[in-house]
Amino acid sequence: MDTRDRLAWNLRKVRADKKVTQENLAVDAGVDRTTISGIERGDFNVSIDLLDRIASALAIDVAELFAIPIEGEAPPSTLPAGRKPGR
């Protein structure tokens, strides 16, 4: 797994574990939702500054986004599409 794929995997995992939608994360990190989607697909070359904003929005250390997934671990789940109420 290359670094971009690892970042995509971990971002989706952390976001899903915290039950944060792509849209809400994008608002909190100050980017468009398509940027978050692109990172999670491995299509977007993300800057260090953006990684810092995403990590801050998720209340994690940026190093968590580069953790090596456990061998055989199931891919991160996705959340239902749409906005969450109350945000």
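See the structure above.
Residues numbered from 1 in each chain as written. Predicted model: local features only at pLDDT ≥ 70, side-chain atom pairs only at ≥ 80, totals over all residues. Heavy atoms only, no water.

Draft legend 1. Just the overall build of the protein, in detail. The secondary structure content of the protein amounts to 4 helices and 0 strands. For the protein, the residues scored as buried account for 38% of the 87 residues in total. (Helix = DSSP H or I, 4+ residues; strand = E, 2+ residues; numbered from the N terminus. Buried < 20%, exposed > 50% of the residue type's maximum accessible area, 1.4 Å probe, protein only.)

Draft legend 2. View of the pattern of salt bridges. With the rule as written, the count across this model stands at 4 salt bridges. With a shortest N-O distance of 2.5 Å, R15 and E40 are connected by a salt bridge. Taken together, the residues R15 in helix 1 (residues 3–17) and E40 in helix 3 (residues 33–41) connect sequence positions 25 residues apart. An identical accessibility class is assigned to R15 and E40; each is buried. Among the salt bridges present, the one from D43 reaches R41, with a minimum N-O distance of 2.9 Å. What makes D43 exposed here is its relative accessible area of 52%. Among the ionic contacts, a cluster of salt bridges with common partners joins R12, R15 and E40. (Salt bridge = Lys/Arg side-chain N within 4 Å of Asp/Glu carboxyl O.)

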